[in-house]
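Each chain, written out:
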2 protein chains.
Amino acid sequence: MEYPSKLIENAVEEIAKLPGIGRKTALRLALHLLKQEKEDIRDLSEALVRLREETRYCDQCFNISDATTCAICAGTKRDRSVICVVEDTRDVMAIENTSQYFGLYHVLGGVISPIEGVGPSDLTIEPLVQRILNKEENIEEVILALPATMEGDTTAFYISKKLKDLEVKITSIARGVPVGGELEYTDEITLGRSIMNRQKL
Amino acid sequence: MEYPSKLIENAVEEIAKLPGIGRKTALRLALHLLKQEKEDIRDLSEALVRLREETRYCDQCFNISDATTCAICAGTKRDRSVICVVEDTRDVMAIENTSQYFGLYHVLGGVISPIEGVGPSDLTIEPLVQRILNKEENIEEVILALPATMEGDTTAFYISKKLKDLEVKITSIARGVPVGGELEYTDEITLGRSIMNRQKL
């Protein structure tokens, strides 16, 4: 495709690097930006640069944080004996939104994926082991809340192997038919697992 | 939704201002950016700012351009007696891609839309009239290639009224069943118009 100017070509190339955004959408976004106030574009661009350059991570759970220790880890009303292990910040936000969990978190920063070149050493698994080994922290249970994908399962398996000799209970969030879900529209694997893992009423 | 840091909240707010991007997608994009190299984010952000601050428009057709006059208007092999009127740059690119049109263009910068607060004076309609009045340019035909929407039709009607007393032929691109389109899947209005505007073989 031939662009009318170098500037727009360059902007489209940069925007199209974002995941899920193709060249057509990138061009639409670029033309939208052209119609906005200069100040708005400067605000957007500054927000992106500051996000990347100034974002800090909690020194305990590795969640994104404004301070050295995040609000959850620093919270006085949290149950400090349970750690919920998640893939990224979005999962922390989703679980916090349920208002059903009051323990701590540990953000891995991804899941093991040989295809994408992510190995165990790219994740915060070693610091997790250290948190559990640290007797002062007194962790009693680790809940694995990882995605129900091949990569998520691999990561859960790797972590449970790493932790199995430590004095800590390891659990995983329940898999089954979603609340409000019809049995006939549930895929076979989920339905099969939900029967295998049936619970006493 | 509560964000883990001010920086990410700010970035999500700014990204979510883009058309078609909600908060969930904005958060996904922000977390993606956090994993990229600092330099890549600076490149993206600079491309956006430069796009907005340095983009120029052709002084003849108002298309986006690197120079005072765009490559098409400055081209020596174009048919300078025909002007094709379009909504924006994307339409110029789409028509150029067909390799079927060799005339000039005129980019309106939008279509008349009372709902979005776009009136005739927000568009480059007056400069279009001036181009046709300018006897040196010697324009013989104006092709209206506007979207087949209420706004596009309104704009076409407004322009044709403005030009009707000038010595210039006004045409519109053909509307009908798309090439390769099945009659039974074509909507009634398009099919009805395609019968009304039938052409001699």
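Residues numbered from 1 in each chain as written. Chains lettered and ligands numbered in written order. Predicted model: local features only at pLDDT ≥ 70, side-chain atom pairs only at ≥ 80, totals over all residues. Heavy atoms only, no water.

Chemist: Lay out the pairing of strand S6 (residues 169-172) of chain B in plain terms, naming residues and giving numbers.
Modeler: Residue and element names in this part refer to chain B. Two elements, strand S5 (residues 141-144) and S6, share 4 bridges in a ladder whose sense is parallel. Its bridge partner being in S6, Val142 is matched across the sheet by Ile170. In terms of handedness, the path from S5 via helix H7 (residues 150-163) over to S6 forms a crossover that is right-handed. (Pairing = 2+ DSSP bridges. Helix = DSSP H or I, 4+ residues; strand = E, 2+ residues; numbered from the N terminus. Right-handed = clockwise from strand over helix to strand, strands pointing away.)

Chemist: Provide a residue-level description of the relation of the copies chain A and chain B, including the pertinent values.
Modeler: Between the two copies, chain A and chain B, the superposition gives an RMSD of 0.0 Å; the rotation angle is 180 degrees and the shift along the axis is 0.0 Å. Here the copies are linked by what is in effect a two-fold axis. The rotation axis passes nearest to the C-alpha of Ser45 of chain A in chain A, at a distance of 2.3 Å. Most of the interface of chain A is mirrored in chain B: 100% of its interface residues are interface residues there too. (Least-squares fit on C-alpha atoms with pLDDT ≥ 70 in both. Contact = heavy atoms within 4.5 Å.)

Chemist: An account of the pairing of strand S4 (residues 103-107) of chain A is needed here, citing residue identities and associated values.
Modeler: Residue and element names in this part refer to chain A. S4 sits mainly inside the fold: 5 of its 5 residues count as buried. For strand S3 (residues 79-86) and S4, the ladder comprises 5 bridges, and the chain directions are parallel. Bridging from a neighbouring strand, Ile83 pairs with Leu104 of S4. Crossover connection from S3 via helix H5 (residues 89-98) to parallel S4: handedness right-handed. (Buried < 20%, exposed > 50% of the residue type's maximum accessible area, 1.4 Å probe, protein only.)

Chemist: Run through the nonpolar core, naming residues and quoting values.
Modeler: By size, the foremost hydrophobic cluster in this structure holds 42 residues, and its most contacted members are Ile8, Ile15 and Ile21 of chain A together with Ile8, Ile15 and Ile21 of chain B. When contributions to this core are tallied by element, the ones reaching two or more residues are helix H1 (6-15), helix H2 (23-34) and helix H3 (38-54) of chain A together with helix H1 (6-15), helix H2 (23-34) and helix H3 (38-54) of chain B. Non-local contacts of Ile15 of chain A, meaning those with residues more than four positions away in its chain, are made with Ile21, Ala26, Leu29 and Ala30 of chain A together with Leu44 and Leu48 of chain B. (Core = buried A, V, L, I, M, F, W, Y, C linked by side-chain atoms within 4.5 Å.)

Chemist: Describe the side chain of Ser81 of chain B, naming the residues involved and giving the relevant values.
Modeler: Tracing the backbone through its elements, the reader meets Ser81 of chain B in strand S3 (residues 79-86). Beyond its immediate sequence surroundings of up to four residues, Ser81 of chain B is in contact with Asn138, Ile139, Glu140 and Glu141 of chain B.

Chemist: How would you explain the domain arrangement of chain A if you had to name every residue and give the values?
Modeler: One can read the domain layout of chain A as domain 1 (6-54) and domain 2 (58-172). Once you take the C-alpha centre of each, domain 1 of chain A and domain 2 of chain A turn out to be 34 Å apart. (Domains from an automatic or database assignment.)

Chemist: Explain the sheet that holds S6 of chain B residue by residue, including any values.
Modeler: Residue and element names in this part refer to chain B. Here we have 4 strands laid out as an open sheet, ordered S4-S3-S5-S6, and parallel in their pairing. The strands lining the two open edges of the sheet, one partner per strand, are strand S4 (103-107) and S6. Ignoring strand direction, the axes of neighbouring strands in this sheet form an average angle of 25 degrees. Relative to S5, H7 is tilted by about 165 degrees, and along the sheet it contacts S3, S5 and S6. (Axes fitted to C-alpha atoms, helices over the stretch in contact; angles between N-to-C directions.)

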